[in-house]
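Topology and contacts: notes
For reference, the chains in residue letters:
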Amino acid sequence: MLNVLVVEDEKLEREALILLLQENFSKQIHVLTAAYHGEQALLAFHQQKYQLVITDINIPRMNGLSLLREIKKSDPDTRTIILTGYDYFKYAQESICIGVDDFILKPATQKDLCERIRRVMELIEREQRGSHFEDVIRYRKMQSILQSDLIYAILYHNPHQNIQGYFSIFHMQVASAACICLYQEDITNQALLPIVEELHTWYDECFFETYFENVVIFIFHKDVMEQKQLLKRIKAIMIKYTIVHYGVGGIKEEVHEFYNSYVEAKEELRQTSQDAFQHALTDKQEDTTLNDMADALLHAIRYNQAKVFPDVVLRIQKEVETNEILAIRKILVKLFHILQNKMNQCEDMKDYVALLSEKIDGISYDNPTQDEATYIRYEVKHVIHAIIKSRSKSMNKIVLDAYTYIGKNYHRSIGLNDLANYLDLTPQYISSLLSQHTKNSFTNILAEYRVEKAKQLLLNNRKIKEVSSLVGFQNQNYFAKTFKKVTGYTPKEYKQMHVMNDI
């Protein structure tokens, strides 16, 4: 059994984390202690041995990193998790030096939190049984995260100072870099790792990451590489591993040009496999578009916002490009089945899946108006309004009021206390209601709402920095990470994907 110390200055978040640990890890935890500032936490640590410390960074009277540094001095074997809303690049190097085992960025789902806490607890249990390999595992895990973020920084076209910051963390001297692009569906990890290892025998560093539908490999070297030799080596490797479709970007010597190597590699990949690319793209475009429309409909149901319907109708018309009712009906049924799958994954929506199935079966084959736009509008409203009406009757009124408040104020800096003041209730009571009826926290609900609004603005070709501000984020990097956590894409990927779909 483990002793666990939780350090969080926000009372509601502290209580929520304590509750999560009690509900999910009662068999593993012997002593569970909460502290609201660094000095209190350090005093508690000196009075009682703790195997695991979970802390925010921005806590009063000694920040989280300083606290962990002191704890590690006292007991180097203590395992530590940082849980914070701050972008961790700024703290990554110090976290590695201290020996942080995991760095969890808010907002995080309860499932993700439990899984990552469980991993660290299992690590502690293995140590207690005499295993001595965990330090290596932890270091490699942190390295993997940072390698991924380095590529992300290049692909997101971050300022060159940020990218140089990652090089400093890895102690890399980089005089040149080049990018290779592959289709994700063309390669497995078992095939990718040997390719990366072979490249690494010739060049200093070789990192990879999945990005959109591609696998992106970046090669870094302390000297200026030679393009002809690079291409020859890559070609030999690709033949060896039977990789047919790939693209190689030019060697770049300036950090701000590394992104251009990716663009060139991606374009070469597209050109060398145009037929296969176009065939795969048609299905991807339709699925991507319908997936986005299903998100918009789910958003409309949850927040009772029927004004999204005209936009969905126009996008369905664009997808169909025909006035044949059978073709339109096929698209509508596919859209609603995607929506059905999404509702099945949401605790607050599962009760309405049967009603959606019933409405899908009732979609008409007839089009008495001979106007496809009117037909689509009628069917969408007929299906979605029925669910909204049913949900409004059965849903807790306070939860519905909370959704309404978020819908009106998402663009401002708001928190659970603001909602509590608006509803004239305690934050704890509202948090409990949201958890009971939606299986979600206020922080996650707000993040998901903001991201859905951001998607709509990005489709209107707004700049990412502008969108970040319009939907209530103060930090663009935090916006990008939250957007990717919710959608699976960065804002830039999402925007590029839909620009491509409109061509």
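Preceding block: the structure.
Residues numbered from 1 in each chain as written. Predicted model: local features only at pLDDT ≥ 70, side-chain atom pairs only at ≥ 80, totals over all residues. Heavy atoms only, no water.

Turning next to the overall build of the protein. A tally of regular secondary structure across the protein gives 22 helices and 9 strands. The proportion of buried residues among the 503 residues of the protein is 51%. For the protein, the computed accessible surface area is about 24600 Å², with 48% contributed by carbon and sulfur atoms. (Helix = DSSP H or I, 4+ residues; strand = E, 2+ residues; numbered from the N terminus. Buried < 20%, exposed > 50% of the residue type's maximum accessible area, 1.4 Å probe, protein only. Areas by Shrake-Rupley, 256 points an atom, 1.4 Å probe, with all protein chains shown as cover.)

Here we take up the sheet that holds strand S3 (residues 52-55). Pairing is parallel across the open sheet formed by 5 strands, whose spatial order is S2-S1-S3-S4-S5. Each of the sheet's edge strands pairs with one partner strand only, and the pair in question is strand S2 (29-35) and strand S5 (102-105). The average undirected angle you get between the axes of adjacent strands in this sheet is 15 degrees. As paired strands, strand S4 (residues 79-84) and S5 are joined by 4 bridges and run parallel to one another. Residue pairing for S5: Ile82 is matched across the bridge by Phe103. Against the sheet, helix H2 (residues 38-47) engages strand S1 (2-7), S2 and S3, with an angle of about 165 degrees to S1. (Pairing = 2+ DSSP bridges. Axes fitted to C-alpha atoms, helices over the stretch in contact; angles between N-to-C directions. Contact = heavy atoms within 4.5 Å.)

According to the stated counting rule, one finds 1 cavity of 30 Å³ or more in the structure shown. The space that makes up the largest cavity amounts to roughly 30 Å³. Lining the largest cavity, in full, are Ile154, His157, Asn158, Ile163, Val255, His256, Phe258 and Tyr259. Along the lines of polarity and charge, the residues of the lining of the largest cavity split into 5 nonpolar, 3 polar and no charged. (1 Å grid on protein atoms, 1.4 Å probe; cavity = no way out; pocket = protein on both sides within 12 Å on 5 of 7 lines; lining within 4 Å. Points joined across faces, edges and corners; volume = space filled by probe spheres on them. Nonpolar A, V, L, I, M, F, W, Y, C, P; charged D, E, K, R; others polar.)

With that out of the way, let us pick up the environment of Gln40. Here Gln40 is to be found in helix H2. Overall, Gln40 belongs to the partly exposed group, its relative accessible area being 29%. For the pair Gln40 and Met62, spaced 22 residues apart in the sequence, the C-alpha separation amounts to 9.5 Å.

Its place among the elements puts Asn3 in strand S1. For Asn3, a relative accessible area of 8% gives the class buried.

Let us look at the layout of surface pockets. Computed from the structure, the second largest pocket encloses a volume of approximately 740 Å³. As for the second largest pocket, its lining consists of 23 residues, and the residues nearest its centre are Ser148, Asp149, Lys481, Lys484 and Lys485. Counting residues per element, the lining of the second largest pocket draws most heavily on helix H6 (residues 134-155), which supplies 5 residues. Partitioned by chemical class, the residues of the lining of the second largest pocket number 9 nonpolar, 3 polar and 11 charged.

This model, assessed by the stated rule, comprises 15 salt bridges. Close ionic contact of Glu115 with Arg118 constitutes a salt bridge, the shortest N to O distance being 3.8 Å. A residue pair is termed a helical-turn pair when its members lie 3 or 4 positions apart in one helix, as Glu115 and Arg118 do in helix H5 (residues 110-128) at 3 residues. Under the relative-accessibility criterion, Glu115 is labelled partly exposed at 34%. Residue Arg118 is classed as partly exposed on the basis of its relative accessible area, which comes to 29%. With a closest N to O distance of 2.9 Å, Glu466 and Arg462 form a salt bridge. Exposure remark for Arg462: the relative accessible area of 32% places this residue in the partly exposed category. Members of the salt-bridge network, linked through shared partners, are Asp295, Lys342, Glu452 and Lys455. (Salt bridge = Lys/Arg side-chain N within 4 Å of Asp/Glu carboxyl O.)

Before going further, it helps to spend a moment on the sheet that holds strand S7 (residues 205-211). If you walk across this open sheet you meet the 4 strands as S7-S8-S6-S9, and the pairing is antiparallel. The two strands at the open ends of the sheet, each matched to only one other strand, are S7 and strand S9 (246-248). Between one strand axis and the next, the sheet turns through 20 degrees on average, direction left out of account. Here S7 runs beside strand S8 (residues 214-221); their pairing, made up of 7 bridges, is antiparallel. Looking at the pairing, Glu205 lines up with Phe220 of S8. On top of the sheet, helix H8 (residues 189-202) reaches strand S6 (176-183), S7 and S8; it is set at about 150 degrees to S7, its chief contact.

Helix H21 (residues 476-487) packs onto helix H19 (residues 442-459) with a crossing angle of 100 degrees between their chain directions and a minimal axis gap of 10 Å. For the element pair H19 / H21, the angle class is roughly perpendicular. Facing Ala447, Glu448, Val451, Ala454, Lys455 and Leu458 of H19, the residues of H21 in contact are Phe479, Thr482, Phe483, Val486 and Thr487. When its residues are assigned to classes, the contact of H19 with H21 shows 7 nonpolar, 2 polar and 2 charged. (Parallel < 35°, antiparallel > 145°, perpendicular 65-115°, else oblique.)

This part covers the packing of aromatic side chains. Per the stated rule, a full pass over the model turns up 15 aromatic pairs. Seen in terms of ring centroids, Tyr410 and Tyr449 are 5.1 Å apart; in terms of plane orientation they differ by 50 degrees. Their pairing is tilted. Of this pair, Tyr410 sits in the loop between helix H16 (397-409) and helix H17 (416-423) while Tyr449 sits in helix H19, and the two are 39 residues apart along the sequence. For the residue pair Tyr410 and Tyr449, the accessibility class agrees, reading buried in each case. Taken together, the aromatic side chains of Phe167, Phe170, Phe207, Phe218, Phe220 and Phe258 make up a single cluster linked through ring pairs. The ring of Phe473 has Arg450 lying over it, and the distance from NZ or CZ to the ring centre is 5.6 Å. Residue placement shows Lys481 over the ring face of Tyr152; its charged tip is 5.4 Å from the ring centre. (Phe/Tyr/Trp six-rings, centres within 6.5 Å; stacked < 30°, edge-to-face > 60°. Lys NZ or Arg CZ within 6 Å of the ring centre and 35° of its normal.)

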